[in-house]
Amino acid sequence: MERQWSVREQHRENVLALLRRGNRLTRGEIAEGLNLTRSTVSDVLGGLLDQGVITVTEQRAPGGRGRPAEVLGIHPGAVRYIGLDFSHVGVTICLANSNGDVVASAREQYPHGAGWEVRVRLALRTIRELAVGEVHLDFLAGIGIGLPGPNSASWHGFVSSSPLEPFQMVRARIRELFAESFACPVVVDHHIRFAALYEATTAGDEHGSIVYLRLSTGVGGAVLGEGTALRGSHLLAGEIGHMIVDDSPDAQACRCGRNGCLETVASLGAVTRQWQKVVGTDGDLAHLREALESGDPRALELVTSVATSVGRVLGVATLVIDPAEVVIAGEIGSLLEPVMPVLERAIARQRLADGVLPVRSGGTAPEQGARGAIAYLRAADRPRPRHLPTSPRPHPAEGGPRVR
């Protein structure tokens, strides 16, 4: 059982909760707002200033005689949350302060054939390199780590015998390494779930019901119901990128170990390879986009075929989940915008509900998963009641200790 907070710790958290709302206040205003004595507030603020958690933002002239009053606010470089998105090819890292503002970020590619040990060490080193100058980790409250789903990477490299091993087994070792390195709670989940949460948060509908699909280096999906990501008994809920769309003898092998998954026809690599078969080895995504914009019938035929496959899979997912909207993100997701009516008709053929189901394009930025992890941590980082708790803190959800 965790120890209960002391009165001083409770005062500290209440002061920070007040300042985290973006307020910049004097000592007197903080004392009045929290109904505390000035000596109590000064004691708490002194410790926070020494730690670099808060800073003096300005000197406010007094209304009458006397010295100028110091105006205090959260130090912009005091990192409160770290979000990481481990994709199939690289890791995106965002360091954010208590307001959720990203104060430092990086995107690092893995060496070819790197296993999870190399990937994690790369991420740990990059975080330390980002925490320089005014950016510090002394105020760190939690780390959110997004991992890909079915994958063939092992801890030391690539093997073919255990395709689900990274998400089912290695995540425990990843969590342990980060917890040991930074001595704070660590939450591990699917990176697409975090990306879906970010998309819902930025749209102002964090409590909505969404089917989210990201078409990028991989094809990952997530389902949000009332703002909560569904995980499933094997943590594989929402993996619609691995629904099989090609049962032919020529179906392509997928990294999950099966053949014909949506990822094999709608991922960045898959679409690029299909285009190269049409125009030659010089064809890349930018070339395909240019051809589509210029009205090249070959480009239109290709993206129409991809949109049909994507729409069919999304249609089945919406039939099961009955969401309020569908969000399609990633580089290939944006490529499909000119043929969105094709995709919407494919979805509609599977649905029972009347009316139009909103389908919108999400972002393509690689930071979505990392920023979604930060959004999750911020939501969990609730100020505790101003009275002392009378019961132990809640049990953690899947993925590690609950961030306070």
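Residues numbered from 1 in each chain as written. Predicted model: local features only at pLDDT ≥ 70, side-chain atom pairs only at ≥ 80, totals over all residues. Heavy atoms only, no water.

**Thoughts on the overall build of the protein chain**
When helices and strands are tallied, the protein chain shows 13 helices and 12 strands. Across the 404 residues that make up the protein chain, the buried fraction comes to 51%. Here the contacts in the protein chain between residues at least 6 apart in sequence split such that 64% fall between residues at least 24 apart. (Helix = DSSP H or I, 4+ residues; strand = E, 2+ residues; numbered from the N terminus. Buried < 20%, exposed > 50% of the residue type's maximum accessible area, 1.4 Å probe, protein only. Contact = heavy atoms within 4.5 Å.)

**What about a negative patch on the surface?**
Taken together, the side chains of Asp282, Asp284, Glu290 and Glu293 define an acidic patch exposed on the protein surface. Tracing the chain through its elements places Glu290 in helix H9 (residues 285–293). (Patch = residues over 30% accessible without salt bridge, like charges linked within 9 Å, V, L, I, M, F, W, Y side chains within 5 Å. Areas by Shrake-Rupley, 256 points an atom, 1.4 Å probe, with all protein chains shown as cover. Salt bridge = Lys/Arg side-chain N within 4 Å of Asp/Glu carboxyl O. Lys, Arg positive; Asp, Glu negative; His and termini not counted. Charge placed at Lys NZ, Arg CZ, Asp CG, Glu CD.)

**Concerning the packing of aromatic side chains**
Inspection of every chain in the model, using the stated rule, returns 3 aromatic pairs. Seen in terms of ring centroids, Phe178 and Phe182 are 6.5 Å apart; in terms of plane orientation they differ by 25°. Their pairing is stacked. Of this pair, Phe178 and Phe182 both sit in helix H5 (residues 165–182), separated by 4 residues, roughly a single helical turn. Assigned by exposure class, Phe178 and Phe182 land together as buried. Seen in terms of ring centroids, Phe194 and Tyr376 are 6.0 Å apart; in terms of plane orientation they differ by 65°. Their pairing is edge-to-face. Taken together, the residues Phe194 in helix H6 (residues 191–202) and Tyr376 in helix H13 (residues 368–380) connect sequence positions 182 residues apart. By relative accessible area, which is 22% here, Tyr376 ends up partly exposed. (Phe/Tyr/Trp six-rings, centres within 6.5 Å; stacked < 30°, edge-to-face > 60°.)

**Details of helix H3 (residues 38–51)**
With 14 residues, H3 ought to run about 20 Å at 1.5 Å a step, and its terminal C-alpha atoms sit 20 Å apart, in line with that. Those residues of H3 that are buried are in contact with helix H1 (7–20), helix H2 (27–34), strand S1 (54–60) and strand S2 (69–74). Looking one or two residues beyond H3, the residue adopting positive phi is Gly52, at roughly 80°. (Expected span 1.5 Å × (residues − 1).)

**Digging into the sheet that holds strand S8 (residues 210–215)**
The strands making up a sheet are joined through hydrogen bonds of the backbone, oriented either antiparallel or parallel. Reading across from one edge, S10-S9-S8-S11-S12 is the order of the 5 strands in this open sheet, with mixed pairing throughout. At either end of the open sheet lies a strand with only one pairing partner, and these are strand S10 (228–229) and strand S12 (359–361). Bridge count between strand S9 (residues 219–225) and S10: 2 bridges; the pairing is antiparallel. Looking at S10, one finds that Leu224 is bridged to Ala229. Across the sheet, helix H10 (residues 297–321) touches S8, S9 and strand S11 (325–329), and the angle it forms with S8 is around 155°. (Pairing = 2+ DSSP bridges. Axes fitted to C-alpha atoms, helices over the stretch in contact; angles between N-to-C directions.)

**Brief notes about the environment of Gly241**
Tracing the backbone shows Gly241 in the loop between S10 and helix H7 (263–266). C-alpha of Gly241 to C-alpha of Arg214: the two residues are 27 residues apart in sequence and 8.5 Å apart in space. Apart from residues lying up to four places away in sequence, Gly241 is in contact with Leu213, Val219, Cys261, Leu262 and Glu263.

**Some remarks on the nonpolar core**
Ranked by size, the top nonpolar core spans 37 residues in total, and within it Leu215, Val310, Leu314, Ile332, Leu336 and Leu343 carry the most contacts. Broken down by element, the residue count for this core peaks at 9 residues, all from H10. Beyond its immediate stretch of four places on either side in the chain, Leu343 contacts Ala307, Val310, Gly311, Leu314, Ile328, Leu336 and Val359. Membership of the second largest hydrophobic core comes to 33 residues, among which are Ala123, Leu124, Val135 and Ile174. (Core = buried A, V, L, I, M, F, W, Y, C linked by side-chain atoms within 4.5 Å.)

**Quick word on the sheet that holds strand S4 (residues 90–96)**
Spatial strand order, S5-S4-S3-S6-S7: 5 strands in an open sheet with mixed pairing. In the strand order of this sheet, the two ends are held by strand S5 (102–109) and strand S7 (186–190), each with one partner. When the angles between neighbouring strand axes are averaged without regard to direction, this sheet yields 15°. Across 5 bridges, the pairing between strand S6 (residues 142–147) and S7 is parallel. For Ile143, the partnering residue across the bridge sits in S7 and is Val186. Set on the sheet, H13 makes contact with strand S3 (81–86), S4, S5, S6 and S7; between it and S3 the angle comes to about 140°.

**Here we look at H1**
Between the first and last C-alpha of H1 there are 20 Å, a value that for 14 residues agrees with the 20 Å anticipated at 1.5 Å per step. Looking at H1, one finds that the buried residues are Gln10, His11, Glu13, Asn14, Val15, Leu16, Ala17, Leu18, Leu19 and Arg20. Where H1 is buried, its residues touch H2, H3, S1 and S2.

**Some details on the pattern of salt bridges**
Across all of its chains, the model carries 12 salt bridges by this definition. Measuring nitrogen to oxygen at the nearest pair gives 2.8 Å for the salt bridge that ties Glu70 to Arg27. Residue Glu70 is located in strand S2, and its partner Arg27 is located in helix H2; the two are separated by 43 residues in the primary sequence. For Glu70, a relative accessible area of 28% puts it in the partly exposed group. Among the residues examined, Arg27 registers a relative accessible area of 26% and is labelled partly exposed. Note that Glu29 and Arg60 form a salt bridge whose closest N and O atoms lie 2.8 Å from each other. A residue pair is termed long-range when its members are at least 10 positions apart, and Glu29 in helix H2 and Arg60 in strand S1 qualify at 31 residues.

**Topic: unusual backbone geometry**
Of note, Ala183 is a non-glycine position whose phi angle comes to about 50°, a positive value. Looking at the secondary structure, you find Ala183 in the loop between H5 and S7. Located in the positive-phi region is Asp322, a residue other than glycine, with phi close to 55°. Here Asp322 lies in the loop between H10 and S11.

Note that all results are geometric; they support no functional claim without further evidence.
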